[in-house]
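Okay, here's what each chain looks like letter by letter:
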Amino acid sequence: MRNSRKPSIFDYDWISVLLFNLLVFIGIISIYSTTYNQSHTNIFQTYYGKQILWFVFSYVLIIFIGFVSIRSIKNNASLLYLIGVALLILVLIAGANINGNKSWFRFGGFSIQPAEFVKLFTVLGLAKLLTEPDFKISNFKNLLQAIILILVPVFLILLQPDLGSAIIYLSLFLVFYRDGLHISYYLLALLIAVLFITTIYFGQQKILMITTGIFILFNLFTYSKLKKIFWLPVLFVFSISIFTVLGTDFIFHKVLKPHQRNRIEIVLGKKKDDKGTGYNLKQALIAIGSGGLYGKGMLKGSQTEGDYIPEQHTDWILTVIGEQWGFLGTLSVVMLYTFLLIRLIFIAERQKQKFSRMVGYGLVAVLFAHYALNMLMVIGLFPTIGIPLPFLSYGGSSLWAFTLLLFIFLKFDAHRIEDW
Amino acid sequence: MNQKAVVIIFLILLTSLIITGRLFYLQILDKEYKDLALKNAVKKEYIIPERGYIYDRNNNLLVSNLPIYDVMAVPNRMKAFDTLEFLKYTGITKENLIKALDKAKKYSRNKASLIVPKLYKNEIALLQEKIYKFPGFFIQRRAIRKYHTKSAANVLGFIREVNEKELKKDPFYLPGDLIGKAGVEKSYEKILRGKKGVKYYLTDKFNRKIGSYKNGQFDTISEVGKDLQLSIDIKLQEFGDSLMVNKRGAIIAIEPATGEILALVTAPGFPPEYLSGRSSSKNFNKLFRDKINNPLLDRGLQGEYPPGSPFKMLNGLIGLQEKVIGQGTYFVCNYGFNYGKHSHMFCHCGANGRRVYLPWAIEKSCNTYFSKTYLNILNKYSEPSKGLDVWHDYLSRFGLGHYLHTDLPIGSKGLIPDSKFYDRYYGKGRWKASYTISNGIGQGEVLTTPIQLANVAAAIANKGYYYTPHVIKKINGSQKDIDTFYLRPKYTGIDKQYFDKIINGMAAVYKYGTARYSQLPDIELCGKTGTSENKTRINGKIVKMPDHSIFMAFGPKNHPEIAVTVFVENGGYGATVAAPIATLIMEKYLRGKITRTDLLKKVLNTDLTPVYQQKAPKNNEKQ
């Protein structure tokens, strides 16, 4: 049935919009408390002043989205993806070199990180691919196409190099699951990850012995119960496991850079380096841990005000919340994200169009990866990688990219009853 | 809802739960991080209070504080500056500046280091105005002691930066703090230093202050050190110094009624400011290395000498109390007497076979009378060892043979032998009273310090008791914080009546005896000269040196206001140098002026330096 009414701004999911505004607001307050006392003549030279400016401009983007037809977005998704890839190539050629990373375009005093925006384009491109007629994710050829679509930007971003952003792109594999990819792929990936970590932690020999032991025991068990051995799948999993264990050493020592190796070892507790690589994490834990239940209060955090944590206004913004507002503050932020993610899944599920549902899951995957990895990093459960907290961390590129992605999806949702 | 969506929601919830659990552990369960945050950010700053002033008994200011300025720098906050200008303002050399800056950088880039130490107010004035030209530098005010007298360095003492040992002993001190090292600065350190204040600051990672901690609710206010009023009469002390020019020795003056030390002169001395200010370390080493004059030795408190004749007063008193001599007791003196087959005690009293009675024995310092009295005391008991211990106990009660426990941090015990002493030397029961006969006349094994002897004079003046000599009079204008030990009389165990005879004898010393040339018109003084023999080793040979000149006195006779002991090394007879000095001191104190100008001239003109120059570096003052 066609609905003749043209959707208005009020058809946007107001819960998501509210959560979006709340998170940005918390972010601005937190950024303010890190840098309010730095002497600047102009408020728009301070981080919090700039962030307010980015926030205001994000509404310009929201209004702009309001004028763009959703059909043109869907139709041009592939083109947008290609533009994104082109941008990632261009940044490698023409990007500004900041600390050895070519991740930014610089226009005068203004920088833009294309990797943030290309997430949006990749999500759209992926959604477009997944909704192609005759596309089936369980088809190996189609799966390979989808994987390549994701790996192209990953590869380009690794050249910058920006490991954090690259890992975020891998989260888009979650979309495949919703589209019907069997869970065994994910379990296999989980197995590889577990083996990788345990091998680093316990050493190659022990894990090889344990893996072999489990393999033999499993065969004996299945044989004694079912009088049958599943040779093909068991041998496949076993060989992948052995390959992972044997490859771990090579990847850990030859592929990873020394600082990345350090960060992994610090999280695993194999190394203590509170002055060097581990300084940030140590100071972050002190800030969060000293917050207690209620926190020290606004502008009263000694770690925050003492500027003990580098980048506390960007990637480490959770430390500011943890110190000033305590467990109640961090818990609130965790709940806001969780609620937003579940709300977005709920919205995605009510889409009639597969395209918009896939966009929704792309958004959920990227947002979830950012939220989870950032927090796990700050609380010392994941190696330190440069991933901002969406909507909260200082930075225009990140805020705008997420705003665009969120509101494009919400616009799709507002038009969900239209037959487009 | 789609089953796969549920799985994804479950995944999200699980992740959030892990994050929440970890946050709960970090923020609620684990307390470690709270302390670490404080350690990180909260820095203590101590506010050093001004040290207490020191006054003399007449409220003349002796010691105050002088602001002194250190130029400090924090390397990380420094920017390029005009070196020449800096050198001009501070007056240090380029090499020293470079050295100091290098050292500062090595110590810490974020903490302040000393660049130019101890500049006086006029020297810092220019830099203070231009300090803005030198980012990273700042001026820190400290205080050193300012002295308003050139005298009494031995009483006042000095302050120094604390050493490792003191830091460990008392947590009050932090590196760089000042502590009293001698004199009242040491013994009243806890009163003078006051109470440090503490201010807590929040600092950032560069150790810069960013505000007070919890609005200063844990801060404490510093308390200024308390002022000391000493019993020293600085005019008398300075006068004593002038009398001791070109002599070595000590003058001790005590107020008998209170035990307050009026003057404590040691010679040679040094002005107290010598150990304060910029060249204090250099000066200290100079004084320390001067083993010939030994100016750091307080001869009044530490010098142990045979007391000589003044000691006879004590034997007389003990003899009277023990009733071995009495009203009609006399001894025949014939240029002394024989006390063994080949032993003779000489005497110069001039009695020449006549009977010697008590007051006269003192006037003429009869060796026979007092050594026989001493023998009688010892032989009163079944064994001389018992008698000696009785004698020893009396002397102990006079403050001899052990530390007097004045309120100055140094002193010596002196020596009063007891039976154990001779048992060790001769064997138990294998010595007789006569073996120790020299003790009867203050020679032999007996050693006293000048302050002990002055205290004896005070005890005699008081007729039987004394207050332990001390230099403290008031703390912050009140007596209530003074150790009651100094306010309590100590009794000698000799009855009051026996003192009259001794005092009459001592008065006669001034009237007709050895000190008659020193007597004062109108004021009746009591005194006793002493002459103690001493030898020294010059080029490996033992050579007899001129005697030490000793005088013990108090006055006026009926209401004693001052008790004095003067000791002049190698000054000859007691009457020649020590008695005039003691008399001048008493006159100065009692009258406020000197009428015996002839005596004064004589003392001032006495120059013993030629005698001292013969001496080898190491004195052997003991006989």
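That block above? That's the structure.
This brings us to the overall build of chain A. Scanning chain A from N- to C-terminus turns up 17 helices and three strands. For chain A, buried positions account for 53% of its 420 residues. Within chain A, contacts between residues at least 6 apart in sequence are counted, and of these 71% link residues at least 24 apart. A total of about 19,400 Å² of accessible surface is found on chain A, and carbon and sulfur atoms cover 69% of it.

Another aspect to go through is the interface of chain B and chain A. On the chain A side, the residues contacting the 34 residues of chain B number 46 residues. For the pairing of chain B and chain A, the buried interface totals around 3,400 Å² over both sides, and the portion due to carbon and sulfur atoms is 74%. For the pair chain B and chain A, the number of links is zero salt bridges. Counting the contacts that link chain B with chain A gives nine residue pairs in polar contact (both at pLDDT 80 or more). Secondary-structure elements contributing two or more residues to the side of chain B that touches chain A are helix 1 (3–29), helix 2 (32–41) and strand 8 (197–203) of chain B. The residue inventory of the side of chain B that touches chain A, partitioned by class, reads 20 nonpolar, seven polar and seven charged.

What follows concerns the packing of helix 13 (residues 311–321) of chain B against helix 16 (residues 384–397) of chain B. All names here are of chain B. Closest axis-to-axis distance for the helix 13/helix 16 pair is 11 Å, and the angle between their directions is 120 degrees. Of the possible angle classes, the one that applies to helix 13 and helix 16 is oblique. Regarding helix 13 and helix 16, the two cross each other, and that crossing is right-handed. Residues F311, L314, N315, I318 and Q321 of helix 13 form the contact with helix 16, whose participating residues are W391, Y394 and L395. Across the contact of helix 13 with helix 16, the residue classes break down as six nonpolar, two polar and no charged.

The next subject is the packing of aromatic side chains. Within the structure shown, the criterion is met by 47 aromatic pairs over all chains. Both rings, one in F105(A) and one in F107(A), keep their centres 6.4 Å apart while their planes meet at 25 degrees; by these two values the pair is stacked. Arranged with centres 5.6 Å apart and planes meeting at 65 degrees, the rings of F81(B) and F86(B) form a pair that is edge-to-face. A relative accessible area of 18% places F81(B) in the buried class. Members of the aromatic cluster, each reached through a chain of ring pairs, are Y12(A), F20(A), F55(A), Y59(A), F391(A), F402(A) and F407(A). K4(B) extends its terminal NZ or CZ atom over the ring of Y177(A), reaching a point 4.8 Å from the ring centre.

Cut-off values and rules
- Residues numbered from 1 in each chain as written.
- Chains lettered and ligands numbered in written order.
- Predicted model: local features only at pLDDT ≥ 70, side-chain atom pairs only at ≥ 80, totals over all residues.
- Heavy atoms only, no water.
- Helix = DSSP H or I, 4+ residues; strand = E, 2+ residues; numbered from the N terminus.
- Buried < 20%, exposed > 50% of the residue type's maximum accessible area, 1.4 Å probe, protein only.
- Contact = heavy atoms within 4.5 Å.
- Areas by Shrake-Rupley, 256 points an atom, 1.4 Å probe, with all protein chains shown as cover.
- Buried area = accessible area lost by both parts, 1.4 Å probe.
- Salt bridge = Lys/Arg side-chain N within 4 Å of Asp/Glu carboxyl O.
- Polar contact = N/O pair within 3.5 Å; in protein donor to acceptor, adjacent residues only side chain to side chain.
- Nonpolar A, V, L, I, M, F, W, Y, C, P; charged D, E, K, R; others polar.
- Axes fitted to C-alpha atoms, helices over the stretch in contact; angles between N-to-C directions.
- Parallel < 35°, antiparallel > 145°, perpendicular 65-115°, else oblique.
- Left-handed = near helix turned anticlockwise from the far one by under 90°.
- Phe/Tyr/Trp six-rings, centres within 6.5 Å; stacked < 30°, edge-to-face > 60°.
- Lys NZ or Arg CZ within 6 Å of the ring centre and 35° of its normal.

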